[in-house]
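Summary of the model geometry
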Amino acid sequence: MTPRAADRARYDRATAGLDAPLAVVDLEAFDANAGDLVRRAGGKPVRVASKSLRCRALLERALARPGFAGVMSFTLEESLWLARAGFDDVLLAYPSADRAGFAELTADPKLARSVTVTVDDPAQLDLVEAARGDGREEVRVCLELDTSLRLLGGRLRIGALRSPLREPAEVAELARSVARRPGFRLVGLMAYEGHVAGVGDAVEGRPVRSRAVRLMQSAARRELAGRRAAVVAAVRAVAPDLEFVNGGGTGSVQYTAAEDAVTEVAAGSGLYVPRLFDHYTSFSGRPAALFAQPVVRRPGVGVVTVLGGGYPASGAAGRDRLPVPYLPEGLRYDPMEGPGEVQTPLLGSAADDLLIGDKVWFRHAKAGELCERFDRLHLVEGDRVTAVVPTYRGEGRTFL
């Protein structure tokens, strides 16, 4: 029996009394992935990216492990909710225009102590100030640095379109703007190199592209390490008590952590290891989060149809954004239909061994987005479900 076949047998036994659709997290794989992230971080704390988990119970499980500290959140509403639930170090990694949320933040001492907001433009500070109302609490501020690689004199840009702040002087100027404003305190700097951390460099069947990605990422790491160090020095000249410098992501943890200027790294997808994280030379994780759909039809030889399953991930539309049939091995989509809203035909010899009511296990393309489809996660240990925990959706929270 192959390891994947053994996993299928475990998951089928664990959920034998449960009807699909359902989602599981294999805690042995989750914990092994967590240990690998800590190892690669080399002693620097790992801040958990909440958008990659979207489950409070699993955020708490990760943070209970030595080597993890703090949450990286994705909306202000989520940040305030987590802070009220007892998470005391929440970095909101994206600028917000949530005026009602800022009014709450600035009026509540506990929330103001627990939540740090990210800005990259003085206009964002103006918005916070205008939203204060009677709130007088000091707002903790983090600045974000553009990490993109610029080539050919800036004509070629590789990297996400995020912060407009690139050079040390630009970031230092915004740091001075924060320092001059009563009611704000600069505590952090973040820089997410998504073109390194979130792009696989060993794509099966595409050796030339993979080689090009590795060359790009090597150049990007060298350029960013020097520029990030200069930016941190410039910002510390304005704010000597800067508390943290955050960088990296699942695919770049060990490289980012090796930079002296960085004090912590961020990661989240590396705990679930969705399919987009299968193609890296920098690490190899274990798939921990899966979902099952039931077989409801057998249209013919070599074909079964499961209920639903069309759960595409965000990003530029393409085949890499689709979930993949994972267990049993050997199933593939019908190219004329793909994964559908209410039914998904699957082709392959493995289909002939599936009966009506059997489960087919899938892996989602991106980590936490799976939890927008399910209101609970069944936590599997060995061949048993040992707990059932709500996702954000299951707690009535859909933040985006």
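Calculation notes
- For every chain, the first residue of the written sequence is number 1, and numbering continues from 1 along that sequence.
- Local features in this predicted model are restricted to residues of pLDDT 70 or higher, and side-chain atom pairs are both shown and tallied only at a pLDDT of 80 or more, whereas totals for entire chains, interfaces and linings draw on every residue.
- Hydrogens are left out, water is left out, and the side-chain values use all remaining heavy atoms of the structure.
- In DSSP terms, a helix is any run of H or I states spanning at least four residues, a strand is any run of E spanning at least two, and both are numbered starting from the N terminus.
- The buried label applies to any residue whose accessible area, calculated with a 1.4 Å probe on protein chains only, is under 20% of its type's maximum; exposed applies above 50%, and partly exposed to all values in between.
- Side-chain rings of Phe, Tyr and Trp (the six-membered ring for Trp) are treated as a pair once their centres are within 6.5 Å; stacked means planes under 30 degrees apart, edge-to-face means over 60, and tilted covers the remaining angles.
- The angle between two axes is taken between their N-to-C directions and runs from 0 to 180 degrees, where each axis is a line fitted to C-alpha atoms and a helix contributes only its stretch in contact.
- Note that the term roughly parallel is reserved for angles under 35 degrees, roughly antiparallel for angles over 145, roughly perpendicular for angles of 65 to 115, and oblique for everything else.
- Should the near helix be turned anticlockwise from the far one by less than a right angle, the crossing is left-handed, and should it be turned clockwise, the crossing is right-handed.
- It only takes one pair of heavy atoms within 4.5 Å for two residues to be counted as in contact.
- The nonpolar class holds Ala, Val, Leu, Ile, Met, Phe, Trp, Tyr, Cys and Pro. Asp, Glu, Lys and Arg form the charged class, and all remaining residues, Gly among them, are polar.

To continue, consider unusual backbone geometry. The step from Ala20 to Pro21 runs through a cis peptide bond, and the omega angle for that step is 10°. Summarising the element assignment, Pro21 is placed in the loop between helix 1 (3–14) and strand 1 (22–26). Geometrically, the link from Leu327 to Pro328 is a cis peptide bond, its omega value of 0° lying close to zero. Considering the arrangement of structural elements, one finds Pro328 in the loop between strand 14 (324–327) and strand 15 (332–333). Positive phi is not limited to glycine here, since Arg54 has a value of about 50°. Within the secondary structure, Arg54 is located in the loop between strand 2 (46–49) and helix 3 (56–63). Even without being glycine, Leu152 reaches a positive phi, approximately 55°. According to the relative accessible area criterion, Leu152 is exposed, its value standing at 55%.

Right, let's get into the packing of aromatic side chains. One pair of aromatic rings is described through two measures. These are the centre distance and the angle between the planes. Following the criterion strictly, the structure yields 12 aromatic pairs and no others. Their ring planes at 80° and their centres at 6.3 Å tell us that Phe74 and Phe399 sit as a pair that is edge-to-face. One end of the pair, Phe74, is in the loop between strand 3 (68–73) and helix 4 (76–84); the other, Phe399, is in the segment after strand 19 (384–390), with 325 residues separating them in the sequence. Judged by its relative accessible area of 8%, Phe74 falls in the buried class. Judged by centre distance (5.1 Å) and plane angle (90°), the rings of Trp81 and Tyr392 are edge-to-face. On the criterion of sequence distance, the pair formed by Trp81 in helix 4 and Tyr392 in the segment after strand 19 is long-range, its members being 311 residues apart. With a relative accessible area of 9%, Trp81 lands in the buried category. Judged by relative accessible area, Tyr392 falls into the buried class, the value being 1%.

Attention now moves to the packing of helix 5 (residues 99–107) against helix 7 (residues 122–131). As a packed pair, helix 5 and helix 7 sit with axes 8 Å apart at the nearest point and diverge in direction by 70°. Between helix 5 and helix 7, the interaxial angle falls into the category roughly perpendicular. Judged by the sense of rotation from one axis to the other, the crossing of helix 5 with helix 7 is right-handed. Facing helix 5, whose interface residues are Arg99, Phe102 and Ala103, helix 7 presents Leu127, Val128 and Ala131. Taken together, the residues of the contact of helix 5 with helix 7 break down into five nonpolar, no polar and one charged.

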